[in-house]
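# Inside the fold
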There are 2 protein chains.
Amino acid sequence: MTKSRVTVVDIAHAAGVSKSTVSLVLQASPLVNEQTRAKVNAAIRELGYVYNRGAANLRQTASSKIVGIVVNDLTNSFFAELAVGMDMVMQSAGFVQFLANTGESIDRQREVIASMREHGISGLIISPARGTEAADFKPLTASGVPVVVVVRNVAGAKVSSLLSDNRAGARAATEHLISLGHRRIAFLGGFADTAVSGERMQGYREALSAAGLDADASLVVNSAPSRAGGVAAIERAMLISERPTAALCFNDAVAFGVCDGLRARGLEPGRDFGVVGFDDVIEAQTAVPALTTVSVDPQGMGRRAAQMLLKQINSGRVEAEATIASVRLVVRQSCGAKTKTWDGGKTWDGGTSHDTAPGDTGSDTVGTDRRQHDRA
Amino acid sequence: MTKSRVTVVDIAHAAGVSKSTVSLVLQASPLVNEQTRAKVNAAIRELGYVYNRGAANLRQTASSKIVGIVVNDLTNSFFAELAVGMDMVMQSAGFVQFLANTGESIDRQREVIASMREHGISGLIISPARGTEAADFKPLTASGVPVVVVVRNVAGAKVSSLLSDNRAGARAATEHLISLGHRRIAFLGGFADTAVSGERMQGYREALSAAGLDADASLVVNSAPSRAGGVAAIERAMLISERPTAALCFNDAVAFGVCDGLRARGLEPGRDFGVVGFDDVIEAQTAVPALTTVSVDPQGMGRRAAQMLLKQINSGRVEAEATIASVRLVVRQSCGAKTKTWDGGKTWDGGTSHDTAPGDTGSDTVGTDRRQHDRA
DNA sequence: GAGATCTATTGGAACGTTCCAAAATAGTCA
DNA sequence: TGACTATTTTGGAACGTTCCAATAGATCTC
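All of the points below concern the structure found in this document. (Residues numbered from 1 in each chain as written. Chains lettered and ligands numbered in written order. Predicted model: local features only at pLDDT ≥ 70, side-chain atom pairs only at ≥ 80, totals over all residues. Heavy atoms only, no water.)

### Let's talk about the relation of the copies chain B and chain A
Relative to chain A, chain B is turned by 180° and slid 0.0 Å along the rotation axis, the superposed coordinates differing by an RMSD of 0.0 Å. Expressed as an axis order, the relation between the two copies is that of a two-fold axis. Rotation axis and chain B: the residue whose C-alpha lies nearest the axis is phenylalanine 98 of chain B, separated from it by 2.2 Å. Taken as a fraction of all interface residues of chain B, those also at the interface in chain A reach 100%, which identifies the copy contact as same-surface. (Least-squares fit on C-alpha atoms with pLDDT ≥ 70 in both. Contact = heavy atoms within 4.5 Å.)

Here you go:
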């Protein structure tokens, strides 16, 4: 059934030319005569030839047109969207991507990176699993394969990175809650030992102290960065003697869980308790109440990371570049700020029970992109 | 910087053996002497050798250890989980996967399949974009590459398929709502022209007619199969003169949107209106109220599809096999059935306003797997 | 009409593996 | 010792591409 592959030689034979000429046609070289080109293309169609990139990649000058993408949790829509953004850019650039999910397992991560390396990727974008070390990228960078780290930084790694401005975003979100009159603001979800969580918590603390509020450690409740974790976190937060009236959540998944948990105890998010998320996944817009959140634009971030990688692949230069993408606070209903009325059935009244100056409406970009160069 | 690649010949030289011996060591052949093996392995570590699979794949007997995975919408958590399931199995089997998102674009799909083919995939799993035709797989199957179609069937394609029993699932879900006393049950979301939607609607109609209820066409409201689509669908459904009291939703995303829309007009899902979803994505469990849904187990389905593909790759025989996976109804809170009390704060009372016999509690598997063989 | 200058085309040697046939080495037995 | 096995090892020819250097043919220039 599976007859032996059709190769350039077969095409050459059928078209009455040499294999070199066929190769030139395949590369759309201007050197070849139009009639010859037509003949060759006809033969290609006729015989059902498929280009064998593996063979072409053997010549050491060639680039494989394959990149690797490694993410730590594809079931989290933030990372799924990140991957989709990368996919868009890579497809358009004629690249095809290996994608692997590590599920936060360092071992799996090591394995898939090794495997991708054997298959000859010409670049890698990775959202590293917790506990990833700079040494994990060493073999890759040593052989000149550019690496872009996204979302989570890896200390000491001489690779490019694209992170978001977690500190500024968290600070802006917290300031917003303060401007709405909240004085007891919790920080819910996430693990304290991760860099991302640390940065967001720092922004949260900065805003509190700038407003002269003291950072009560009991208001910080760690949990898994998931919807279920959010439910657990708000439950624990409500046990505190002096209850919080609002919360900045580690990410949107946690924020949704917090909303679920509030409802389960008869509290309506937005009206009885201010909730702010982080990431701005698609569902944040359509949820009821719509989630006030810090927009990181995961798809855009994915696209941008892909562009960074492509630039490095094409330039041949491996120059590590650290970019911190700006984020913006998107004010919707869940924080309790007064915004446009909601048009589904009865009019939504976003008024809070704290009766303060109305907060910002719409969105607000925080900080600007910072970029710094570094020799690899 | 990027010195020329280290090859088997370099290893052979360093270890004082021939390249053939190195090759045998790489393949863990029992033919080679233990001491020699040790020497070679030492040299491999020493020189930082990386196996070049591309070169190995040139020999026509070899299999590439690469599979392609094509999904129509990775931002939908159903498909993200499907992909994660496949990833798990493929990683364990030592395969690496190209993953591409088509976003329902037939053109993108054609491009990525062609691209993957050039890179030498040894199998493909695809959740086809709307409008995919049997001819789109022809080039692949003609060259002996096994293809497994998941989730959506492609009429006339001589490839393996793994679908879920949509008809039986929808029927069971509808019967459940009927047993709770509902008489006006809507079918919300999805596009009527897709096979999956058609099957689910068929199950819905069967249950209605079996119960002697007439299928009022105005109770079927199409919309995008997304959360936003669900909001839109319930809004339109509430405009019907004789309002529905419950709804079977095309999928979980729509069901969540329906819950959002209900709340926006002051109705509480589960208490004031019965909502049933389809798919059982992870959030269905933790949402409040927890979503009653037909569990398709996307991760399990992904794993199963991957196993089907691997079996075909390893056997060498391309024998099309059509499997229809059974589904089970998981009764939680959103349908209004009496279940275990909810333990978050005040006790949850799931009683409906329709005061009928209590529905099933727990889950219920519908039908059994059907399998049929077919020559390719 | 002999170079020179283009334009098209073409062998052949890589690239890094595998695998076959063959050879080298060591061990066994009469 | 010589024949025979069993165990290890090894050249060398693929695999399907690219790319360099060389060539052939056409056109132009003096």
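### Observations regarding the packing of helix H2 (residues 19-26) of chain A against helix H3 (residues 34-47) of chain A
Residues and elements named next belong to chain A. Axis separation between H2 and H3 bottoms out at 10 Å; the angle between their running directions is 90°. Between H2 and H3, the interaxial angle falls into the category roughly perpendicular. On the side of H2, the interface is formed by Thr21, Val22, Val25 and Leu26, while H3 contributes Thr36, Arg37, Val40, Asn41 and Ile44. Looking at the contact of H2 with H3 residue by residue, the class counts come to 5 nonpolar, 3 polar and 1 charged. (Axes fitted to C-alpha atoms, helices over the stretch in contact; angles between N-to-C directions. Helix = DSSP H or I, 4+ residues; strand = E, 2+ residues; numbered from the N terminus. Parallel < 35°, antiparallel > 145°, perpendicular 65-115°, else oblique. Nonpolar A, V, L, I, M, F, W, Y, C, P; charged D, E, K, R; others polar.)

### Looking at the interface of chain B and chain A
Across the contact, 60 residues belong to chain B and 60 residues belong to chain A. At the boundary of chain B with chain A, total buried surface from both sides reaches about 5,100 Å², with 58% on carbon and sulfur atoms. Counting across the chain B and chain A interface gives 2 salt bridges. With a closest N to O distance of 2.8 Å, glutamate 118 of chain A and arginine 53 of chain B form a salt bridge. At the level of secondary structure, the elements contributing two or more residues to the side of chain B that touches chain A comprise helix H4 (53-58), helix H5 (77-92), strand S2 (96-101), helix H6 (106-118), helix H10 (227-237), helix H11 (252-264) and helix H12 (283-286) of chain B. The leading source of residues in the side of chain B that touches chain A is H5 of chain B, at 8 residues. (Buried area = accessible area lost by both parts, 1.4 Å probe. Salt bridge = Lys/Arg side-chain N within 4 Å of Asp/Glu carboxyl O.)

### Things to note about helix H1 (residues 8-15) of chain A
Residues and elements named next belong to chain A. Among the residues of H1, those classed as buried are Ile11, Ala12 and Ala15. The buried side chains of H1 occupy one side of the element, clustering within an arc of 100° when seen end-on. Opposite the buried face of H1, at more than 90 degrees from it, the exposed residues are His13 and Ala14. Glycine 16 sits one or two positions beyond H1 and adopts a positive phi of about 70°. (Buried < 20%, exposed > 50% of the residue type's maximum accessible area, 1.4 Å probe, protein only. Arc of directions from axis to C-beta.)

### Quick word on the protein's contact with DNA strand C
Taken together, 29 residues sit near DNA strand C, with Lys19, Thr21 and Thr36 of chain A together with Ser23 and Tyr49 of chain B positioned nearest. Sugar and phosphate atoms represent 65% of those atoms of DNA strand C found within 4 Å of the protein. Contacts to DNA strand C include arginine 5 of chain B, whose side-chain N or O atom sits 3.3 Å from a phosphate oxygen. A distance of 3.3 Å is found between a base nitrogen of DNA strand C and a backbone nitrogen or oxygen belonging to alanine 55 of chain B. Looking at the surface near DNA strand C, the elements that each hand over two or more residues are H2 of chain A together with helix H2 (19-26) and H4 of chain B. (Near = heavy atom within 4 Å. Polar contact = N/O pair within 3.5 Å; in protein donor to acceptor, adjacent residues only side chain to side chain.)

### Thoughts on the packing of aromatic side chains
Scanning the model with the defined rule gives 5 aromatic pairs over all chains in all. Arranged with centres 5.4 Å apart and planes meeting at 50°, the rings of phenylalanine 187 of chain A and tyrosine 204 of chain A form a pair that is tilted. Of this pair, phenylalanine 187 of chain A sits in strand S6 (residues 185-188) while tyrosine 204 of chain A sits in helix H9 (residues 195-210); the two residues are 17 residues apart in sequence, bridging distant segments of the chain. Each member of the pair phenylalanine 187 of chain A and tyrosine 204 of chain A is classed as buried. It is arginine 200 of chain B that lies over the ring of phenylalanine 278 of chain B; its NZ or CZ is 3.7 Å from the centre. (Phe/Tyr/Trp six-rings, centres within 6.5 Å; stacked < 30°, edge-to-face > 60°. Lys NZ or Arg CZ within 6 Å of the ring centre and 35° of its normal.)

### Description of the protein's contact with DNA strand D
The immediate surroundings of DNA strand D are formed by 29 residues, with Val8, Ser23 and Tyr49 of chain A together with Thr21 and Thr36 of chain B found nearest. Take tyrosine 49 of chain A: an N or O atom from its side chain is 2.4 Å from a phosphate oxygen of DNA strand D. Within the contact set of DNA strand D, a phosphate oxygen lies 3.3 Å away from a backbone nitrogen or oxygen of asparagine 52 of chain A. For the surface near DNA strand D, the elements supplying multiple residues, two or more each, are H2 and helix H4 (53-58) of chain A together with H2 of chain B. Residue contributions to the surface near DNA strand D peak at 4 residues, all from H2 of chain B.

### Things to note about the pattern of salt bridges
Scanning the entire structure with this criterion turns up 31 salt bridges over all chains. Here aspartate 279 of chain A and arginine 200 of chain A are joined by a salt bridge, their closest N and O atoms 3.6 Å apart. Of this pair, aspartate 279 of chain A sits in strand S9 (residues 274-279) while arginine 200 of chain A sits in helix H9, placing them 79 residues apart in sequence. By relative accessible area, which is 5% here, arginine 200 of chain A ends up buried. As a salt-bridge pair, arginine 110 of chain B and aspartate 136 of chain B come within 3.0 Å of each other at their nearest N and O atoms. Here arginine 110 of chain B, found in helix H6, pairs with aspartate 136 of chain B, found in the loop between strand S3 (124-126) and helix H7 (138-142); they are 26 residues apart in sequence, far enough to count as distant. Aspartate 136 of chain B gets classed as buried once you look at its relative accessible area, which sits at 14%. Linked by salt bridges that have partners in common, Arg167, Arg171, Glu175 and Glu206 of chain A make up one network.

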